[in-house]
Amino acid sequence: QVQLVESGGGLVQPGGSLRLSCAASGRTFSNRAMGWFRQAPGKEREFVATINWGGGTTRYVDSVKGRFTISRDNAQNTLYLQMNSLKPEDTAVYYCAADRGSFGSGSIRRDEYGYWGHGTQVTVSS
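Every value quoted in this text rests on a predicted model; they were computed, and no experiment measured them.

Participant: Is there a simple way to think about the sheet that holds strand β3 (residues 18–25) in this case?
Facilitator: As a general point, the strands of a sheet are linked pairwise by backbone hydrogen bonds and lie either parallel or antiparallel. If you walk across this open sheet you meet the 4 strands as β1-β3-β8-β7, and the pairing is antiparallel. Of all strands in the sheet, those with a lone pairing partner are β1 (3–7) and β7 (68–73), marking the two edges. Sheet twist, expressed as the average angle between the axes of neighbouring strands with direction ignored, equals 15 degrees. Where β3 and strand β8 (residues 78–83) come together, 6 bridges link them in antiparallel fashion. When the sheet's bridge partners are listed, S21 is paired in β8 with Y80.

Structure (C-alpha cells):
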C-alpha cells in the first residue's frame, strides 16, 4: 500500500551536515504522519523525529533537537531529514516510516508505524 525508499546516507566528519530523503509511493502519502528512526549496531531502534500529516507539527528526540529538521513535500511524495552538527553518536542506519492510518499527529511510538523503508547508513567519523 505504501512503499518507502531512503537515500542520502554516507560518511561525514563530525560537525558536518547530511540530508536524508525518503521517496514514498501510494495515493495517501499526504494523509499520513511520517517518522524517522535509527538503529546503531547492538542497539534498539529508536525514535528520531516525526511530522504530522499536514506538515505543521514536528517532534524530536532530545538528543537531536536544534540539529535535525524533519520536513515533507507532499507534492513530490518525499520526506526529508536535514542533519546538521553531526556527532559520532549519530552513526546508525536511518529508517523512514509511515503511520498506519490517516491524519495522524505524529507518534514517537514505533508500533504506530506500519510501513518501513530498508534504511540508509549514516557514518560520522573523523
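Still more to cover.
Participant: Looking at this model, I keep getting lost on the packing of aromatic side chains. Mind explaining?
Facilitator: Working definition: an aromatic ring pair is given by the centre-to-centre distance plus the angle between the planes. All chains considered together, the criterion is met by 5 aromatic pairs. For the pair W53 and F103, a centre-to-centre distance of 5.0 Å together with 90 degrees between the ring planes defines the contact as edge-to-face. Residue W53 is found in the loop between β5 (46–51) and β6 (58–60), and its partner F103 is found in the loop between β9 (92–99) and β10 (113–116); the two are separated by 50 residues along the sequence. On the basis of relative accessibility, which here comes to 35%, the residue W53 falls in the partly exposed class. One aromatic cluster in this structure is built from F37, F47, Y113 and W116. Sitting above the plane of the W116 ring, R110 keeps its charged end 4.7 Å from the centroid.

Parameters and conventions
- Residues numbered from 1 in each chain as written.
- Predicted model: local features only at pLDDT ≥ 70, side-chain atom pairs only at ≥ 80, totals over all residues.
- Heavy atoms only, no water.
- Pairing = 2+ DSSP bridges.
- Helix = DSSP H or I, 4+ residues; strand = E, 2+ residues; numbered from the N terminus.
- Axes fitted to C-alpha atoms, helices over the stretch in contact; angles between N-to-C directions.
- Phe/Tyr/Trp six-rings, centres within 6.5 Å; stacked < 30°, edge-to-face > 60°.
- Buried < 20%, exposed > 50% of the residue type's maximum accessible area, 1.4 Å probe, protein only.
- Lys NZ or Arg CZ within 6 Å of the ring centre and 35° of its normal.

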